[in-house]
Amino acid sequence: MARVVIVSNRVPLPSKGAKAGGLTVALKDVFKQGALWLGWSGEIAAETATSAKLHNSGKLDFATIDLSEDDYRRFYVGFANSVLWPLLHFQPGLLEFDREDFEGYLAVNSTYAKALAELLRPDDLIWVHDYHLIPLADALRALGVKNRIGFFLHVPFVPASVFGVLPSAEKLLRMMLTYDVVGFQARQHLHDFEDCLLSFLNIARQSGEPISYEGRSVVVDAIPIGIDSRGFARQAKKAVQSRAAHRLFESIEGHAFMIGVDRLDYSKGLPNRFEAFGYLLDRFPEHRMHVTYLQIAARSREDVAEYQRLKRELDRLSGDINGRYADFDWQPLRYMTRAVSRASLAGFHRQARVGIVTPLRDGMNLVAKEYIAAQDPEDPGVLILSRFAGAAEELTEAIIINPYDPEEITEAMHEALVMPLDERKDRQEKLFEKICQTTAITYCRDFINALTGGTNGHSLTSQ
Ligand code: GDG
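Here the structure is a predicted model, which means the values were calculated and not measured. Position numbers for residues start from 1 in each chain and track the written sequence from start to end. Per-residue local features of the predicted model are confined to residues with pLDDT of at least 70, and side-chain atom pairs are confined, for both listing and counting, to 80 or more; whole-chain, interface and lining totals are unaffected and use all residues. Calculation of side-chain values draws on the structure's entire complement of heavy atoms; hydrogens and water are dropped beforehand.

**Student:** Which residues make up the overall build of the protein chain, and what values do they have?
**Tutor:** Runs of E in the DSSP output that reach at least two residues are strands. Runs of H or I that reach at least four are helices, and both are numbered from the N terminus. Within the protein chain one finds 17 helices and 15 strands. Taken along its principal axes, the extent of the C-alpha atoms in the protein chain is 65 × 45 × 45 Å. The proportion of buried residues among the 463 residues of the protein chain is 59%. As displayed, the protein chain has an accessible area near 18800 Å², and 48% of this comes from carbon and sulfur atoms. Neither His nor the chain ends contribute to the count of charged residues, in which Lys and Arg are positive and Asp and Glu negative. Think of each charge as sitting on NZ of Lys, CZ of Arg, CG of Asp or CD of Glu. Across the protein chain, the mean location of the 53 positive side-chain charges is 5 Å away from that of the 61 negative side-chain charges. Accessibility here uses a 1.4 Å probe with only protein chains present; expressed as a share of the type maximum, an area under 20% marks a residue as buried, one over 50% as exposed, and anything in between as partly exposed. For the area figures, the Shrake-Rupley method with a 1.4 Å probe applies, and any residue is considered shielded solely by the protein chains shown.

Right, dumping it as structure tokens:
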């Protein structure tokens, strides 16, 4: 049976105390069959390593590479997170393109390819994750690697009019077609990719058909990522009894409670959400003294200037809202930039009457699914969801909003806070059913099946 080789920017090394994140959980069926996972160690060294360091943990082998400071700056901070991330989230105005960063991005991908090629077996299936590694298949092919290679993009894709802003747009697009499978989170991203293929390469894809490119066939599809919904539901039910959940419950003193959980990232639409909460207290004074909004916004990519600017803006906005509306015994907005444990999050979601997920763009947004999974079916909360999150293609029973309109978010907050129990239960039932259909397991199964053409015995079980 073929081994699966996963390549992603970061590797969840157990020795680093890494918690099982979305991808790790999602890939658990793949792991059962033995797997190798290669990526950056998270360490900065004097020189970028030319071979990977090997670590073993049960059926999983990890292979890590340290990056030099210069490669970290050019590859990770520069091209990946200051060019591709804003571009693929429809923010071309934030792009900071630099040719040397692009060269650094290609060079690090070539380094990964060389390190990986040394470890490959002939029938390994290679599954590459995300925008950091678009050139990897091209670099592997240049080394003569013949294995099947698939690519999954966790973030959105953009139409040709936006993608064309990138000076190296056509080159990257061609690199994507070096893969045997290219997977997106949502149908919209697939449409946007097809728009780019037509516009830049004059390739018109027949609906549902693979693409023929340079004598090869490339499968492209929307394969939405999911979570272990029933597992997270169990965790939430248990966590609501935890000390952290009790502390939160006591501190809100019977107020209605709304929650947001996001990395502190400009794609997540946090300033508009804060503003919307201010409007709520303005336009619907009945909620003053009666609602508490907790925003957990774990700091992220602090080396990128735009993230530092966003943090200053949110510090100011939260201070402004609390200064304006707080009373001596009530603080409307609690805003923290520290991460909390996954178990605590599960318990907090279950306690929250409203879950607020308002990204300006998002590949999927797992928090939306986690919020639904965590709810008590007998007294569920309400999800407010941006129409620009990939999750909105599936989770249509949420209150769907346009995150560019803070007042629309305000109205959704009010609607959610006053929604009758019957309607909440009805929406929750349908949403929960959906997140149990598209899970972490179905995601892996569908991707691996696309990569093997369903032929190599990798029939992953459905959940
Ligand atoms: C990318 C794409 C796509 C957040 N704060 C804490 C914490 N989290 C966890 C959440 C969730 C995960 O991090 C975030 O996942 P998202 O999907 O919401 O967003 P990104 O990080 O931007 O992920 C996205 C995803 O990849 C997967 O394909 O959905 O579109 O942008 O699981 O719960 N976890 C803990 N403490 C926190 O403070 N423990």
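**Student:** Quick one: what's the story with the site of the ligand, residue by residue and with numbers?
**Tutor:** In the vicinity of the ligand lie 20 residues, with His154, Val340, Asp362, Leu366 and Glu370 positioned nearest. Counting of polar contacts relies on pairs of N or O atoms within 3.5 Å, with two restrictions inside protein: one atom must be capable of donating a hydrogen and the other of accepting it, and residues adjacent in sequence are counted only when both atoms are side-chain atoms. Arg342 places a polar main-chain atom, nitrogen or oxygen, 3.4 Å from a nitrogen atom of the ligand. Take Asp362: an N or O atom from its side chain is 2.5 Å from an oxygen atom of the ligand. Burial of the ligand by the surrounding chains reaches 83%, relative to a free accessible area of 730 Å². Those elements giving two or more residues to the shell around the ligand turn out to be strand E10 (256-263), helix H13 (342-351) and helix H14 (366-374). With three residues, H14 is the single largest residue contributor to the shell around the ligand. When its residues are assigned to classes, the shell around the ligand shows 10 nonpolar, five polar and five charged. If a single non-hydrogen atom of a residue is within 4 Å of a molecule or strand, that residue counts as near it. Three classes are used, and their members are as follows: Ala, Val, Leu, Ile, Met, Phe, Trp, Tyr, Cys and Pro are nonpolar, Asp, Glu, Lys and Arg are charged, and the others, Gly among them, are polar.

**Student:** Now, about the packing of aromatic side chains: what can you tell me, with residues and values included?
**Tutor:** When the centres of two rings from Phe, Tyr and Trp lie within 6.5 Å, Trp using its six-membered ring, the rings pair. Their planes under 30 degrees apart give stacked, over 60 give edge-to-face, and anything left gives tilted. Here the structure, examined in full by the defined rule, presents 26 aromatic pairs. Ring geometry for Phe75 versus Tyr105: centroids 6.1 Å apart, planes at 25°, classification stacked. Note that Phe75 is positioned in helix H3 (residues 69-88) and Tyr105 in helix H4 (residues 99-117), a separation of 30 residues in sequence. Accessibility classification places Phe75 together with Tyr105 in one group, the buried group. Judged by centre distance (6.3 Å) and plane angle (85°), the rings of Phe152 and Phe447 are edge-to-face.

**Student:** So what's going on with the pattern of salt bridges? Residues and values would help.
**Tutor:** Think of a salt bridge as a Lys or Arg side-chain nitrogen and an Asp or Glu carboxyl oxygen that are within 4 Å of each other. Inspection of the entire model under this criterion finds 34 salt bridges. In this structure, Asp180 engages Arg148 in a salt bridge whose closest nitrogen and oxygen atoms are separated by 3.8 Å. Taken together, the residues span a long stretch of sequence, with Asp180 in the loop between helix H7 (169-176) and strand E7 (181-184) and Arg148 in strand E6 (residues 148-152) at a distance of 32 residues. What makes Asp180 buried here is its relative accessible area of 9%.

**Student:** Go over the packing of H13 against H14, please, and point to the residues and values.
**Tutor:** Only the stretch in contact is used when a helix axis is fitted, and all axes are lines through C-alpha atoms; the angle between N-to-C directions ranges over 0 to 180 degrees. Running from N to C, H13 and H14 point in directions that differ by 65°, and their axes come no closer than 8 Å. Considering their axes alone, H13 and H14 lie roughly perpendicular with respect to each other. Pair H13 / H14 crosses with right-handed handedness. In this structure, H13 uses Arg342, Ala346, His349 and Arg350 to contact H14, whose residues at the interface are Val367, Glu370, Tyr371 and Ala374. Residue composition of the contact of H13 with H14, by class: four nonpolar, one polar and three charged. Roughly parallel here means an angle under 35 degrees, roughly antiparallel means over 145, roughly perpendicular means 65 to 115, and every remaining angle is called oblique. Put simply, a crossing is left-handed when the front helix is turned counterclockwise from the back one by less than a right angle, and right-handed when it is turned clockwise. The contact definition used throughout considers only heavy atoms, calling two residues in contact when any of these lie within 4.5 Å.

**Student:** Residues and numbers for the sheet that holds strand E2 (residues 35-45), please.
**Tutor:** A pair of strands is labelled paired if DSSP reports no fewer than 2 bridges between them. Spatial strand order, E3-E4-E2-E1-E5-E6-E7-E9-E8: nine strands in an open sheet with mixed pairing. The sheet is open, and its two borders are formed by strand E3 (53-57) and strand E8 (211-213), each paired with just one other strand. Pairwise comparison of adjacent strand axes, ignoring direction, gives a mean angle of 25° for this sheet. Bridging between E2 and strand E4 (residues 60-68) involves eight bridges; their strand directions are parallel. Note that in E4 the partner of Ala35 across the bridge is Leu60. Packed onto the sheet, helix H8 (residues 187-201) meets E7, E8 and strand E9 (216-222) and runs at close to 145° relative to E9.

**Student:** Which residues make up the environment of Val77, and what values go with them?
**Tutor:** Within the element layout of this structure, Val77 appears in helix H3. Remark: the alpha-carbon pair of Val77 and Ala305, spanning 228 residues in sequence, is separated by 9.7 Å. When sequence neighbours within four positions are dropped, the list of residues in contact with Val77 reads Tyr72, Ser82, Asp303 and Val304.

**Student:** Before we move on, could you go through the pairing of E3 and cite the residues and values that matter?
**Tutor:** Sheet analysis places E3 next to E4, joined by five bridges and oriented antiparallel. If you follow Asn56 over to E4, its bridge partner there is Asp61.

**Student:** Go over the domain arrangement of the protein chain, please, and point to the residues and values.
**Tutor:** These domain limits were set by an automatic method or by a database of domain assignments. Parsing the protein chain into structural domains produces domain 1 (4-226 + 440-452) and domain 2 (229-437). A separation of 30 Å is found between the C-alpha centroids of domain 1 and domain 2. Contact residues are listed per partner, giving 27 residues for domain 1 and 21 residues for domain 2. Roughly 1900 Å² of surface becomes buried between domain 1 and domain 2 when both sides are summed, with 56% attributable to carbon and sulfur atoms. Scanning the region where domain 1 abuts domain 2 turns up one salt bridge. Residue Asp303 is joined to Arg73 by a salt bridge in which the shortest nitrogen-to-oxygen separation is 3.9 Å. Here the quantity called buried area is the accessible surface, traced with a 1.4 Å probe, that two parts lose on coming together, added over both.

**Student:** Pulling in residues and values, what's your account of H7?
**Tutor:** Buried residues of H7: Ala169, Leu172, Leu173, Met175 and Met176, and no others. The buried side chains of H7 occupy one side of the element, clustering within an arc of 160° when seen end-on. What the arc measures is the spread of directions leading from the helix axis to the C-beta atoms.

**Student:** Mind laying out unusual backbone geometry, listing which residues take part and the relevant values?
**Tutor:** With phi around 80°, Asp130 is a residue other than glycine that occupies positive phi space. By the element assignment, Asp130 lies in the loop between strand E5 (125-129) and helix H5 (136-142). Of note in this structure, Asn202 is not a glycine but carries a positive phi near 55°. Relative to the helices and strands, Asn202 resides in the loop between H8 and E8.

**Student:** Before we move on, can you summarise the confidence of the model for the protein chain with the specific residues and values?
**Tutor:** Scored between 0 and 100, pLDDT is the confidence that the predictor attaches to each residue. Looking at the protein chain, the pLDDT average stands at 93 and 95% of residues meet or exceed 70. For residues 455-463, every residue scores under 50 in pLDDT, and the model assigns this stretch 26 contacts once sequence neighbours within four places are set aside.

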